[in-house]
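Observations on the model geometry
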Amino acid sequence: MTDTQHLEQSIHGQCLCGAVSITIDQPKPEIDVCHCAMCRRWGGGAFGGVHGKGFTVEGKGNVTVYRSSDWAERAFCRTCGSNLWYHFLPADSHSFLSGLFDLPAEFTITQQIFVDEKPHWYDLAQQSVMKTGAEIIAEAEAAGYTFD
């Protein structure tokens, strides 16, 4: 698969209690893993995110959104507390927690970011691109995003 390919079939997932369900249309068969301190505090470990060309959320009345920084929001189910998505505001892009979905076998980790913040007590076995926080910020700034 090339970097621009998306799967034709949608993927469907839900929170622990089923009050919120998410469908991702034409998902990219990749998982991005973030090791930053905020993601680890949010979910108790590394964040594994999936995304696609579009999405729908059912049960929006059960979603609480938290503005976690100047550039991001994080959402969770107000009934069971399951984390749902990370929303990067400058690009209006959403990354959904991979654990909400039963992902097909073609999904693999494509990159790990903020590896300089990863704690010593775990490593992922799958090999992938590894980027520091400074590298990710530099890439975002080169793309025109600012972080105040």
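Structure shown above.
So, here's what we can say about the structure. (Residues numbered from 1 in each chain as written. Predicted model: local features only at pLDDT ≥ 70, side-chain atom pairs only at ≥ 80, totals over all residues. Heavy atoms only, no water.)

**Observations concerning the overall build of the chain**
- Helix and strand content of the chain: 2 helices and 11 strands.
- Overall, the chain shows an N-to-C arrangement of helices and strands of β-β-β-α-β-β-β-β-β-β-β-β-α.
- Its C-alpha atoms give the chain a radius of gyration of 15 Å, near enough to 15 Å, the size a compact globule of 148 residues would have.
- Oriented by its inertia axes, the alpha-carbon framework of the chain measures out at about 35 × 35 × 35 Å.
- Per-residue burial over the chain gives 43% buried out of 148 residues.
- Nonlocal contacts in the chain, meaning residues at least 24 apart in sequence, comprise 52% of its contacts between residues at least 6 apart.
- With the model as given, the accessible surface of the chain reaches about 8200 Å², and the carbon-plus-sulfur share is 51%. (Helix = DSSP H or I, 4+ residues; strand = E, 2+ residues; numbered from the N terminus. Rg over C-alpha atoms; globule rule 2.2 N^0.38 Å. Buried < 20%, exposed > 50% of the residue type's maximum accessible area, 1.4 Å probe, protein only. Contact = heavy atoms within 4.5 Å. Areas by Shrake-Rupley, 256 points an atom, 1.4 Å probe, with all protein chains shown as cover.)

**What to know about the pairing of strand E10 (residues 108-113)**
- Looking at chain direction, strand E3 (residues 30-34) and E10 are connected through 5 bridges and run parallel. Following the sheet pairing, Cys34 is matched in E10 by Ile113.
- Sheet analysis places E10 next to strand E11 (residues 129-131), joined by 3 bridges and oriented parallel. Bridge pairing links Gln112 to Met130 in E11. (Pairing = 2+ DSSP bridges.)

**So, the pattern of salt bridges**
- Under the definition given, this model contains 2 salt bridges.
- Between Glu139 and Lys131 there is a salt bridge whose closest N-O contact spans 3.1 Å. (Salt bridge = Lys/Arg side-chain N within 4 Å of Asp/Glu carboxyl O.)

Keep in mind these numbers describe shape, not what the thing actually does.
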